[in-house]
Amino acid sequence: MRYYPVNLDLRERRCVVVGGGQVAERKTLSLLEAGAYVTVVSPSLTPKLTELAASGKLLQIPALFQEAHLACALLVIAATNDLAVNRAVAQLCRKQGILVNVAAPPEESSFIVPSVVERGDLVIAVSTSGAIPALSKSIRQELEKQYGPEYEMLLTRLAAARKRLLEEVGSEADRRRAIAAIIGSDVLELLRKGKLREADELIGDLVKQHIRR
């Protein structure tokens, strides 16, 4: 295994994107969705990035990249159309111990970004360690069909049930059995069919059974 899989909490952490084109835009949007404070270093931006900068959702530094732009960054993405600049960014990041993803050449990266299926807090990541991105995309598309929006609804309900069980059931073993009973029940199928009330009633009954123990 070449890469260590990890989910980073980027909320309110400074991340820097070097470049203002379409690739930089895509990377920036993902970082913003994760709650990061994003600084984009580029003399020019795409219309979307310009709009985000104007609204204060990101900080633009309208200049060519300099080492000082890396200050206090947890994570950096080099996404310019100049390979030499991207390499320079990567080298400086490695020198300073900063995580860096390089659009091109990708082998300069210290981390890669997997293909992702998101269903609320459920995140399924697929990676070929950068070998064949097209295969990652194909697998992701299959997973999107298999794991529909009902999984987001299930996760929300499981989280609420777990909270109640933590408050009312002292035994960890009983709590685990209750969650397993919900997962193994018809709840997912009910959610898939849009029968939300029936799903909630079934979850409530299963939780009560374990609370009474």
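The structure contained in this document is the topic of the report that follows. (Residues numbered from 1 in each chain as written. Predicted model: local features only at pLDDT ≥ 70, side-chain atom pairs only at ≥ 80, totals over all residues. Heavy atoms only, no water.)

**A look at the pattern of salt bridges**
- Using the criterion set out here, one finds 14 salt bridges in the structure.
- We note a salt bridge from Arg-177 to Asp-174, for which the minimum N-O separation is 2.5 Å. With Arg-177 and Asp-174 both in helix α6 (residues 172-183) and three residues apart, the pair spans about one turn of that helix.
- Across the salt bridge formed by Glu-189 and Lys-193, the nearest N and O atoms sit 4.0 Å from each other.
- Judged by its relative accessible area of 55%, Lys-193 is exposed.
- Taken together, the salt bridges that share partners define one network made up of Glu-150, Glu-189, Arg-192 and Lys-193. (Salt bridge = Lys/Arg side-chain N within 4 Å of Asp/Glu carboxyl O. Helix = DSSP H or I, 4+ residues; strand = E, 2+ residues; numbered from the N terminus. Buried < 20%, exposed > 50% of the residue type's maximum accessible area, 1.4 Å probe, protein only.)

**Digging into the side chain of Arg-140**
- By the secondary structure assignment, Arg-140 is in helix α4 (residues 133-146).
- When its relative accessible area of 18% is taken as the criterion, Arg-140 is described as buried.
- Excluding residues that lie within four positions of it along the chain, Arg-140 makes contacts with Ser-115, Val-116 and Val-117. (Contact = heavy atoms within 4.5 Å.)

**A closer look at unusual backbone geometry**
- In this structure, Pro-105 follows Ala-104 across a cis peptide bond, with omega equal to -5°.
- Here Pro-105 shows up in the loop between β5 (99-102) and β6 (115-119).
- Positive phi values are uncommon outside glycine, yet Glu-12 reaches one of about 60°.
- Along the chain, Glu-12 turns up in the segment before β1 (14-18).
- At Cys-72, a residue that is not glycine, the phi angle is positive and equals roughly 65°.
- The topology assignment puts Cys-72 in the loop between β3 (59-61) and β4 (75-78).
- Look at Cys-72 and you get exposed, because its relative accessible area is 73%.

**Quick notes on the side chain of Thr-128**
- Mapping Thr-128 onto the fold places it in the loop between β7 (122-126) and α4.
- The class of Thr-128 is buried, set by a relative accessible area of 18%.
- Each residue touching Thr-128, except ones within four places of it in the same chain, is listed here: Pro-133, Leu-135 and Ser-136.

**Topic: the layout of surface pockets**
- What the largest pocket holds in volume is close to 2,000 Å³.
- Residue lining of the largest pocket: 47 residues in total, with Ile-112, Val-113, Pro-114, Ser-115 and Val-116 positioned closest to the centre.
- Elements with a contribution of two residues or more to the lining of the largest pocket: α1 (22-33), β4, β5, β6, β7 and α4.
- Among the elements that line the lining of the largest pocket, the one with the most residues is α1, at six residues.
- In terms of residue class, the lining of the largest pocket is made up of 24 nonpolar, twelve polar and eleven charged. (1 Å grid on protein atoms, 1.4 Å probe; cavity = no way out; pocket = protein on both sides within 12 Å on 5 of 7 lines; lining within 4 Å. Points joined across faces, edges and corners; volume = space filled by probe spheres on them. Nonpolar A, V, L, I, M, F, W, Y, C, P; charged D, E, K, R; others polar.)

Limitation: the analysis is restricted to geometry and does not speak to function.
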